[in-house]
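# Chain and residue survey
So you can see what is in the structure, the chains are spelled out below.
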Amino acid sequence: MKIALCIKQVPDTSDIKWTENNTIKREGVESIINPYDVYAIESALQIKNTCKDVEITAITMGPAQAEDILRKSIALGIDKGALVTDRKFSGADTYATGKTLAQSIKTIVPDFDLIICGQFAIDGDTAQTGPSIANHLNLKQVTFVKEILECSDDYIILTRQADDGIETVKAKLPLLLCVLQNYKEPTRAKINGFIKAQKSEIKTYSLEDIGLEAEEVGLKGSPTYVSKAFRPIVTHNCEKVFADENTPELICNRIEKYKAGQNE
Amino acid sequence: MSENKGILLYAEVTRDKYIHTVFFELANKALELSKKLDNCKISALLITEPGQLENYRDGFVNSGIDRVYIYEDEKFKNYNTEIYSKIAIDLVNEIKPEIMLIGATNQGRDLAPRISSALHTGLTADCTDLDINEKLQLAATRPTFGGQLMATILCKKMPQMATVRPKVFKPMDENAVRNTEFINKTTNHTQIDTGIEIIDFVRTLENDLNELDSAEIIVSGGRGIGTAEGFKMLKDLADLLGGTVGASRVAVDMGIADKSIQIGQTGKTVRPKIYIACGISGAIQHIVGMQDSDKIIAINSDENAPIFNVADLGIVGDLNQIIPELISRLKN
């Protein structure tokens with residue numbers, strides 16, 4: 001079975017710094033593998049551990065330094081890494097990203113059985129790229145995947161988070177999955193994994209290599225564009241008190257008043 | 001000038017056969033947008049099992065919907081990505097709306113990008129504000145970078161699509177009764193072999209809608225709660241107040257609270273009457289999910305915790321002492 005694994009390098013959003021002009025400071029912000037893509041890696045490894053002849057190729061679209069997350073995933077047990085990189089890809093929205101990644105998968109893993117993505121990326125948080133890839137490949141999809149229960153060459157049985165509960169779904173391959181967090185103990189890289197990661201050749205693919213036109217990718221190929229970006233301003237006057245023996249009384253009184261729509 | 005006109009809303013039907021509340025929130029916003037677009041028509045797409053329309057009819061009539069396009073089939077007992085997206089694409093190609101809005105439920109988030117991508121148009125996810133700009137474009141504002149930056153996004157293709165989470169917009173507060181037209185449609189997409197079968201379903205919430213959506217009081221816990229037992233204490237407090245329990249992402253990641261009650265950027269957006277934040281420091285990712293609560297009470301041992309920036313009443317102290325005291329005070 002061949003698995004294409006889509007991963008993304010993202011800035012650590014819990015560590016965002018601001019410039020004086022209220023724009024995000026890009027320098028000095030740590031880059032990490034998108035946390036949901038770590039769950040995607042875990043799901044792919046789980047399938048590799050339970051099925052025969054599984055080959056997993058991690059694919060990322062990004063700048064040259066995104067090679068780092070491909071090597072990290074190889075250290076964890078992923079077989080190969082492919083970096084899709086071209087200045088012309090920059091500024092892509094989810095439509096253009098989906099198209100570029102779909103075309104990359106066709107080029108790099110043309111005989112894939114399964115594509116696995118993280119459900120969200122923590123920077124954009126749109127949850128759209130996976131379904132967009134599936135659309136461009138005319139492929140079936142299952143999103144909000146929680147756990148893979150069973151996998152064969154023809155089908156996969158898994159659980160997914162619906163709005164009101166957990167569905168168990170049997171889905172035929174080929175298929176695209178978007179996975180949510182799973183609570184399993186994450187795989188840790190072993191020393192020979194690090195050695196393999198160091199030695200592995202990461203192939204790079206340009207716009208020309210994947211056979212798209214400049215008009216179809218990046219900002220030019222994106223139907224949406226940002227017209228304005230601003231820092232949300234939260235202002236509030238908090239009545240702050242230090243807890244003492246009257247605190248429960250105060251909270252109870254306040255709850256009664258708030259319930260009745262009074263301010264205090 | 002585009003030939004596209006009007007606003008199309010997706011009327012999500014839940015497993016328990018009612019129209020998801022997010023639809024009525026979208027309808028309210030659509031009425032506001034329509035006024036800035038020459039009072040354009042508002043339509044709804046309804047995909048349902050046969051014989052259910054009567055239960056839904058008043059909801060559409062009372063919320064300002066001009067036309068409802070109805071697709072009925074036994075197969076529409078459960079949502080399916082492929083069939084539903086193909087129906088929506090057909091309808092968009094036929095009626096050519098300039099705007100299409102979908103609720104950002106798990107179903108909506110599965111469906112919307114399939115529709116937008118197939119129509120080669122853009123989709124702005126999880127908008128917190130929608131407006132019409134001076135060029136009569138849909139200006140969709142959403143948080144990015146974990147809520148630390150807001151971006152207003154425009155789309156150069158039609159229809160301009162957006163998703164909005166439940167509870168972000170206020171539901172209809174006055175009746176906007178229309179002479180709604182109900183139009184029956186047929187489709188042959190029901191013949192598709194979807195290759196996807198739901199073989200089991202376990203309900204994890206008491207209602208189809210998370211209780212967080214309807215609760216007037218939410219007692220929410222974060223890192224400071226520390227243990228699953230701590231969450232039981234919050235449950236006791238919530239029960240006494242007639243409310244429900246929520247959690248921050250940290251508490252979910254620690255494994256002491258269920259993902260389904262997570263509030264914030266990657267969880268739910270809530271707007272209860274009273275939000276009681278216990279041991280939540282107030283990372284912006286959490287704040288964006290609860291800041292529209294009518295009143296916020298925060299309990300935290302760190303007097304500089306950012307949660308106090310959004311709170312009406314802030315208690316600096318040890319919640320393991322305060323909450324049990326509060327519980328015994330309420331019991332008396």
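Please read all numbers here as calculations on a predicted model, not as lab measurements.

What counts as what
- Residues numbered from 1 in each chain as written.
- Chains lettered and ligands numbered in written order.
- Predicted model: local features only at pLDDT ≥ 70, side-chain atom pairs only at ≥ 80, totals over all residues.
- Heavy atoms only, no water.
- Domains from an automatic or database assignment.
- Contact = heavy atoms within 4.5 Å.
- Buried area = accessible area lost by both parts, 1.4 Å probe.
- Salt bridge = Lys/Arg side-chain N within 4 Å of Asp/Glu carboxyl O.
- Nonpolar A, V, L, I, M, F, W, Y, C, P; charged D, E, K, R; others polar.
- Core = buried A, V, L, I, M, F, W, Y, C linked by side-chain atoms within 4.5 Å.
- Buried < 20%, exposed > 50% of the residue type's maximum accessible area, 1.4 Å probe, protein only.
- Helix = DSSP H or I, 4+ residues; strand = E, 2+ residues; numbered from the N terminus.
- Pairing = 2+ DSSP bridges.
- Axes fitted to C-alpha atoms, helices over the stretch in contact; angles between N-to-C directions.
- Parallel < 35°, antiparallel > 145°, perpendicular 65-115°, else oblique.
- Left-handed = near helix turned anticlockwise from the far one by under 90°.
- Right-handed = clockwise from strand over helix to strand, strands pointing away.
- Patch = residues over 30% accessible without salt bridge, like charges linked within 9 Å, V, L, I, M, F, W, Y side chains within 5 Å.
- Areas by Shrake-Rupley, 256 points an atom, 1.4 Å probe, with all protein chains shown as cover.
- 1 Å grid on protein atoms, 1.4 Å probe; cavity = no way out; pocket = protein on both sides within 12 Å on 5 of 7 lines; lining within 4 Å.
- Points joined across faces, edges and corners; volume = space filled by probe spheres on them.
- Expected span 1.5 Å × (residues − 1).
- Arc of directions from axis to C-beta.
- Phe/Tyr/Trp six-rings, centres within 6.5 Å; stacked < 30°, edge-to-face > 60°.

### Section: the domain arrangement of chain B
All names here are of chain B.
- Segmentation of chain B into domains returns domain 1 (7-191) and domain 2 (211-331).
- The interface is formed by 10 residues belonging to domain 1 together with 13 residues belonging to domain 2.
- With both sides pooled, the region where domain 1 packs onto domain 2 buries about 1,000 Å², and carbon together with sulfur makes up 44% of that total.
- Our enumeration of links across domain 1 and domain 2 arrives at 0 salt bridges.
- Residue classes in the side of domain 1 that touches domain 2 are distributed as 4 nonpolar, 3 polar and 3 charged.

### Notes on the nonpolar core
- Formed by 50 residues in total, the largest nonpolar core has its most connected members in Phe231, Tyr275, Ile276, Cys278, Ile299, Ile307 and Ile323 of chain B.
- Looking at this core element by element, the count peaks at 6 residues for helix 6 (residues 228-241) of chain B.
- In contact with Phe231 of chain B, not counting residues within four places along its chain, are Gly221, Ile225, Val245, Gly246, Ala247, Ala251, Ile256 and Ala257 of chain B.
- Formed by 48 residues, the second largest nonpolar core is a distinct cluster that contains Ile3, Ile7, Leu45 and Leu76 of chain A.

### Here we look at helix 2 (residues 67-76) of chain A
Residues and elements named next belong to chain A.
- When we look at burial in helix 2, the residues that qualify are Ile69, Leu70, Ser73, Ile74, Ala75 and Leu76.
- Those residues of helix 2 that are buried are in contact with strand 2 (9-11), strand 5 (31-33), helix 1 (35-50), strand 6 (55-61), strand 7 (80-84) and helix 5 (191-199).
- Positive backbone phi, at 125°, marks Gly77, one or two positions downstream of helix 2.

### Brief notes about the sheet that holds strand 13 (residues 203-205) of chain A
- Taken in spatial order, the 10 strands of this open sheet run 13(A)-7(A)-6(A)-1(A)-8(A)-12(A)-9(A)-10(A)-11(A)-11(B), and their pairing is mixed. Edge positions in the open sheet fall to strand 13 of chain A together with strand 11 (196-203) of chain B, since each of these has one partner strand only. Taken over all neighbouring pairs, the strand axes of this sheet differ in orientation by 30° on average, direction set aside.
- Here 7 bridges tie strand 10 (residues 155-161) of chain A to strand 11 (residues 165-172) of chain A, and the two strands are oriented antiparallel to one another. Bridging across to strand 11 of chain A, Ile157 of chain A finds its partner in Lys170 of chain A.
- Those strands touched by helix 1 of chain A are strand 1 (2-6), strand 6, strand 8 (114-118), strand 9 (141-151), strand 10 and strand 12 (175-179) of chain A, and its axis lies near 150° from that of strand 8 of chain A.

### Re the packing of helix 3 (residues 94-108) of chain A against helix 4 (residues 129-136) of chain A
Residue and element names in this part refer to chain A.
- It is at 8 Å that the axes of helix 3 and helix 4 come closest, and there the two elements cross at 55°. Considering the angle they form, helix 3 stands oblique to helix 4. Regarding helix 3 and helix 4, the two cross each other, and that crossing is right-handed. Taken together, the residues of helix 4 that come into contact with helix 3 (itself represented by Thr94, Tyr95, Thr97, Gly98, Lys99, Leu101, Ala102 and Ile105) are Thr129, Ser132, Ile133 and His136.
- For the contact of helix 3 with helix 4, the class distribution of residues is 5 nonpolar, 6 polar and 1 charged.

### Quick word on the pairing of strand 3 (residues 67-72) of chain B
Residue and element names in this part refer to chain B.
- As judged from the 6 bridges shared by strand 2 (residues 42-48) and strand 3, these two strands associate in the parallel manner. By the bridge assignment, Leu46 is partnered in strand 3 with Ile70.
- Following the chain from strand 2 across helix 2 (residues 53-61) to the adjacent parallel strand 3, one finds a crossover that is right-handed.
- Two strands pair when backbone bridges link them, and strand 3 and strand 10 (residues 181-185) are joined in this way by 5 bridges, in the parallel orientation. Bridge assignment links Arg67 to a residue of strand 10, and that residue is Glu181.

### As for a nonpolar patch on the surface
- Together, Ile191, Phe194 and Ile195 of chain A make up a nonpolar patch on the protein surface, roughly 320 Å² of accessible area in all.
- Along the polypeptide, Ile191 of chain A turns up in helix 5.

### Overview of empty space enclosed by the protein
- What the rule picks out here adds up to 3 cavities of 30 Å³ or more.
- Of the voids in this model, the largest cavity is the one considered here, and its volume is about 60 Å³.
- Every residue lining the largest cavity is listed: Asp93, Thr94, Tyr95, Gln128, Ser132 and Thr224 of chain A together with Pro113, Ser116, Ser117, Thr121, Gly122 and Leu123 of chain B.
- Of all the secondary-structure elements, those providing two or more residues to the lining of the largest cavity are helix 3 of chain A together with helix 4 (106-118) of chain B.
- Take the lining of the largest cavity: its biggest share by element is 3 residues, from helix 4 of chain B.
- Here the residues of the lining of the largest cavity are counted per class, giving 3 nonpolar, 8 polar and 1 charged.

### With respect to helix 6 of chain B
- The end-to-end C-alpha distance of helix 6 of chain B is 20 Å, a good match for the 20 Å that 14 residues give at a rise of 1.5 Å each.
- What helix 6 of chain B keeps buried is the set Gly230, Phe231, Met233, Leu234, Leu237, Ala238 and Leu241 of chain B. Across the axial projection of helix 6 of chain B, the buried residues extend over an arc of 150°, all falling on one side. Counted as exposed and oriented over 90 degrees from the buried face of helix 6 of chain B: Glu229 and Lys232 of chain B.
- The secondary structure elements touched by the buried residues of helix 6 of chain B are helix 7 (247-259) of chain A together with strand 12 (217-221), strand 13 (244-247), helix 7 (249-253), strand 14 (274-278) and helix 9 (319-331) of chain B.
- Immediately beyond the C-terminal end of helix 6 of chain B, within one or two residues, lies Gly242 of chain B, with a positive phi of roughly 70°.

### Here we look at the packing of aromatic side chains
- Within the structure shown, the criterion is met by 8 aromatic pairs over all chains.
- With centroids separated by 5.2 Å and ring planes inclined at 80°, the aromatic side chains of Phe23 of chain B and Phe24 of chain B adopt a geometry described as edge-to-face.
- Ring centres 5.4 Å apart and planes at 75° place the aromatic pair Phe23 of chain B and Phe60 of chain B in the edge-to-face group. Placement of Phe23 of chain B in helix 1 (residues 21-35) and of Phe60 of chain B in helix 2 is noted, with a sequence separation of 37 residues between them.
- The class of Phe23 of chain B is buried, set by a relative accessible area of 0%.
- By the ring-pair criterion, three or more aromatic residues cluster together here, those being Tyr36, Tyr39, Phe120 and Phe144 of chain A.

### With respect to the pattern of salt bridges
Residues and elements named next belong to chain A.
- Applying the stated criterion across every chain yields a total of 31 salt bridges over all chains.
- Taking the shortest distance from any N to any O, the salt bridge between Lys2 and Asp111 comes out at 3.1 Å. With Lys2 in strand 1 and Asp111 in the loop between helix 3 and strand 8, the pair connects residues that are 109 residues apart, well separated along the chain.
- Overall, Asp111 belongs to the partly exposed group, its relative accessible area being 43%.
- The shortest N-O distance in the salt bridge between Lys8 and Asp123 comes to 3.1 Å. Placement of Lys8 in the loop between strand 1 and strand 2 and of Asp123 in the loop between strand 8 and helix 4 is noted, with a sequence separation of 115 residues between them.

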